[in-house]
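Secondary and tertiary structure notes
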Amino acid sequence: MNNYNNYQKLIFFILSLILILILIYSGARHDYNLYTLTWKSFANNEKEIIYNSYGPIHLLISLVYKLHLLAPKILFGFLFILLNYYIFKKILKKEKKILLVYFYITIHCNFLIISHVFFYGINDSLVTFFFIISIILFLNKRFIVSGVFLSIASLIKFYPILFFPQFLFQKYKINFKVLLSVFFFITLFLLTFSLLYDYTLLLDPISYGVVRNPKFASIIASLNYSFQDNQIIEFLKKNNSYFIIVSVIIVHIFTLLKKVDFLFSIILINIVILTTYKVGHLQFYIPLMVISSYLLSLDEK
């Protein structure tokens, strides 16, 4: 069995090395090119930060960007591989070859992962790292650290905070460790950021998100194409933030009342967000892919 495990680790290493080579070869392009403009503006203390459409931690990545043009992209890719290596080792212990095949298909051989995480260097891979780690920590009852990781994910891109009620409520009781860790971390971070930098930078992503138009992978974009100038579709576009929040709250209430398993509740909420959010991008499916691979490592119930 040791030989088998070493063989699988070698496969993981070779596939990961190929992904890293793709990451380096592809350079700065697509959204990552826009990230560099944002980081350069922030690092140079320019009055107007270009493409400031993400959370404050995304701005602070400019400190990594100063090291090298591709340093943040390499960091994103490395942390993503590190996360999946943890999942890989858990699957390896189950001693089922077919599960490893499914894992490789879901992660290393998945065109979505290859293109958006490694070729384009999309920052959703960094969000995924902190978000999935927060889930794993929560399942292992390390609630304070789980809350910190969830907070970090939410301060890179805001959508992970929509999952917060699942972390907060357990069997109709409030998990105060999660509540306090999230509250204090986010509050202290935002206060510190506001003292060191212009607090209006925190508001730019919100205004940017409101005016964005539906994109390729959006359900609303498809409806807008089929039913042009439809008042209901226009209403959903204009009030999309409220539509998402209400939809997510309904799912939270349903899953908590029905005592749906934590992990499956997370998946369901993720799907609802993907369905209702007007800006459809393929990278939004990255966390769902990693959660799917993590399911392979769990014991059957």
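Heads up: these notes are all about the structure in this document. What you see is a predicted model, and the numbers here were worked out from it, not measured in a lab.

A word on unusual backbone geometry. Notably, Asn 45 is not glycine yet its phi reads approximately 55 degrees, a positive angle. Relative to the assigned elements, Asn 45 resides in the loop between α2 (30-43) and α3 (56-60). Phi angles above zero are rare outside glycine, and Glu 95 is one such case at about 60 degrees. For Glu 95, the location among the structural elements is in the loop between α5 (71-92) and α6 (97-106).

Moving on: the packing of aromatic side chains. Two aromatic rings, taken as a pair, are described by how far apart their centres are and by the angle between their planes. Applying the stated criterion across every chain, the model contains 28 aromatic pairs. Each ring, one from Tyr 32 and one from Trp 39, has its centre 5.6 Å from the other, and the planes form 75 degrees; the classification is edge-to-face. Among the residues examined, Tyr 32 registers a relative accessible area of 0% and is labelled buried. A residue is classified by how much of its surface remains accessible, and Trp 39, at 0% relative accessible area, is buried. Ring centres of Phe 189 and Phe 193 lie 6.4 Å apart, and the angle between their planes is 20 degrees; this geometry places the pair in the stacked category. Taken as a pair, Phe 189 and Phe 193 lie in helix α11 (residues 176-196) at a separation of four residues, close to a single helical turn. Phe 193 matches Phe 189 in its accessibility class, with the two residues each being buried. Members of the aromatic cluster, joined through ring pairs, are Phe 12, Tyr 85, Phe 88, Phe 103 and Tyr 104.

One pass over the structure, following the stated rule, counts one salt bridge. Between Asp 124 and Lys 157 there is a salt bridge, with the nearest N and O atoms lying 3.0 Å from each other. On the criterion of sequence distance, the pair formed by Asp 124 in helix α8 (residues 124-139) and Lys 157 in the loop between α9 (143-156) and α10 (164-168) is long-range, its members being 33 residues apart. For the pair formed by Asp 124 and Lys 157, the shared burial category is buried.

Cut-offs applied
Here the residue numbering is sequential within each chain, running from 1 through the sequence in written order. Totals for whole chains, interfaces and linings use all residues, but because this is a predicted model, local features are given only for residues with pLDDT of at least 70 and pairs of side-chain atoms are given and counted only at 80 or more. Side-chain calculation: all heavy atoms of the structure are included, whereas hydrogens and water are not. Only runs of H or I of at least four residues qualify as helices and only runs of E of at least two qualify as strands under DSSP, and these elements are numbered from the N terminus. Aromatic pairing here means that ring centres of Phe, Tyr or Trp (its six-membered ring) are within 6.5 Å. Orientation follows from the plane angle: under 30 degrees is stacked, over 60 is edge-to-face, and everything else is tilted. Only protein chains enter the area calculation, which uses a 1.4 Å probe; residues under 20% of their type maximum are buried, those over 50% are exposed, and those in between are partly exposed. Salt bridge criterion: a side-chain nitrogen from Lys or Arg within 4 Å of a carboxyl oxygen from Asp or Glu.

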